[in-house]
Amino acid sequence: MTIQWFPGHMTRARREIQAKLKLIDVVIELLDARIPLSSRNPMIDEILQSKPRLVLLNKHDLADPAVTAKWVAYFADRGLQALPVDSTNGNQLKDIASRCRELFAAKIATQIRKGINPRAVRALIVGIPNVGKSTLINKMAGRKIALTGDKPGVTKGQQWIKVGSEMELLDTPGILWPKFEDQQVGMRLAATGAIKEELLHISDIALFLVRYLASHYGSSLQERYGIEKLPEDMKDTDAVIAIMEEIGRKRGALLSGGRVDLEKASLTIIREARAGKMGRISLESPDDLR
Ligand code: G4P
């Protein structure tokens, strides 16, 4: 199935973000630490232009820490500070605020020189749906914020949320669209739950996932499902499907007559991988780009 990347959505989202850029000093770009490039809008540089930017690699708690460290270096090479975070525990809130202050430092220095009391740094969170924008905003606010504007085209009055004494956050995030015309990108987005799994065939997503896990996290996969031997050639689709069937049998995902219910087995694999049952896994690494 071909998935469309709706240009209309993107144009509107872009216009909305650019209107917000006028109000803020720093952009916080939220990416999924497991798939930083696939969860990134490819037009982001063009949209944000020269606005100072902090990249947050969110859901760090679910990602492979060694791969995340490589992503931090990858972004540093491109002049961007990237910070791994877990928005569900707010442990890095101070760090986020101080990095934003640093990115705004030149302006703060000018204000001090002119004898003006430096004002709080104003930030906007941007990211694709499901990347954790509202979770982070709620953590930073210290309360639950109603994000009724959480859809491109749906606007509401914007408010500033105070984060400590030195930072203010716009309560409506900028929603970006992922670009999932590329099959692999679509698979990664579906496997992590960034796009609805119904957009693709569930067994194709699981096939992609099992193939990737078997290649990169083989022992975790074997341990979780008690698999004795993994295929030698991961390109051998039948062998990868055989693994999925083995998992299905072990999980009791059977149709009448004893055949494996591959859809059900696929759903189990996807849900368990997403929930971190196979440990912390990343589905994209800078090493894959070489
Ligand atoms: P959005 O505003 O960008 O659309 O994303 P949202 O905050 O709604 O987060 C989407 C899902 O991701 C939520 O789970 C949220 O709990 C989870 N999430 C956000 N940040 C993190 C993180 O750093 N680590 C982990 N492990 N999960 C994170 P959900 O299952 O959709 O909802 P719920 O279970 O929280 O109710």
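Remember, it's a predicted structure, so these values are computed and weren't measured experimentally.

Near the ligand lie 15 residues; those nearest to it are S87, G132, K133, S134 and T135. Broken down by element, the shell around the ligand gets its largest block of residues, three residues, from helix α6 (residues 133-141). Residues of the shell around the ligand, tallied by class, amount to three nonpolar, eight polar and four charged.

Next up on the list: helix α5 (residues 105-113). Three- or four-residue spacings in an α-helix give side chains the same orientation, since the helix completes a turn every 3.6 residues. The element α5 is barely covered by neighbouring structure, given that only zero of its nine residues are classed as buried. Directly after α5, the chain includes G115, whose backbone phi takes a positive value near 80 degrees.

Our next topic: the pairing of strand β3 (residues 81-84). Sheet topology note: the strand β2 (residues 53-58)/β3 ladder contains four bridges and is parallel. Bridged to L57 within β3 is P84.

The domain architecture assigned to the protein chain consists of domain 1 (7-175) and domain 2 (201-289). Averaged C-alpha coordinates put domain 1 and domain 2 at centres separated by 34 Å. Taken residue by residue, the interface counts 14 residues in domain 1 and nine residues in domain 2.

Where helix α8 (residues 202-216) meets helix α10 (residues 237-250), the axes come as close as 10 Å, and the angle between the chain directions of the two elements is 100 degrees. Here α10 runs roughly perpendicular to α8, going by the angle between their axes. The segment α8 lies against α10, with A206, L207, V210, R211 and A214 engaging V240, I241, I243 and M244.

Another point: the nonpolar core. Grouped together as the largest cluster of nonpolar side chains are 73 residues, with contacts concentrated most on V26, C100 and L209. Counting residues per element, this core draws most heavily on α8, at eight residues. Those residues within four positions of L209 in sequence are excluded, and the remaining contacts are A191, I269, I270 and A273.

The residue K59 is not glycine, and still its phi comes out positive at about 65 degrees. Mapped onto the elements of the fold, K59 is located in the loop between β2 and α3 (65-77). Residues other than glycine seldom take positive phi values, yet N130 does so here, at roughly 75 degrees. When you line up the elements, N130 lands in the loop between β4 (121-127) and α6.

With that settled, consider the environment of P36. Here P36 lies in the loop between β1 (26-32) and α2 (44-48). Not counting the four nearest positions on each side in its chain, P36 is found in contact with L31, L57, W71 and E284.

Cut-off values and rules
- Residues numbered from 1 in each chain as written.
- Predicted model: local features only at pLDDT ≥ 70, side-chain atom pairs only at ≥ 80, totals over all residues.
- Near = placed C-beta within 6 Å.
- Helix = DSSP H or I, 4+ residues; strand = E, 2+ residues; numbered from the N terminus.
- Nonpolar A, V, L, I, M, F, W, Y, C, P; charged D, E, K, R; others polar.
- Buried ≥ 20, exposed ≤ 12 C-beta atoms within 10 Å, placed from the backbone.
- Pairing = 2+ DSSP bridges.
- Domains from an automatic or database assignment.
- Contact = placed C-beta atoms within 7 Å.
- Axes fitted to C-alpha atoms, helices over the stretch in contact; angles between N-to-C directions.
- Parallel < 35°, antiparallel > 145°, perpendicular 65-115°, else oblique.
- Core = buried A, V, L, I, M, F, W, Y, C linked by C-beta atoms within 7 Å.

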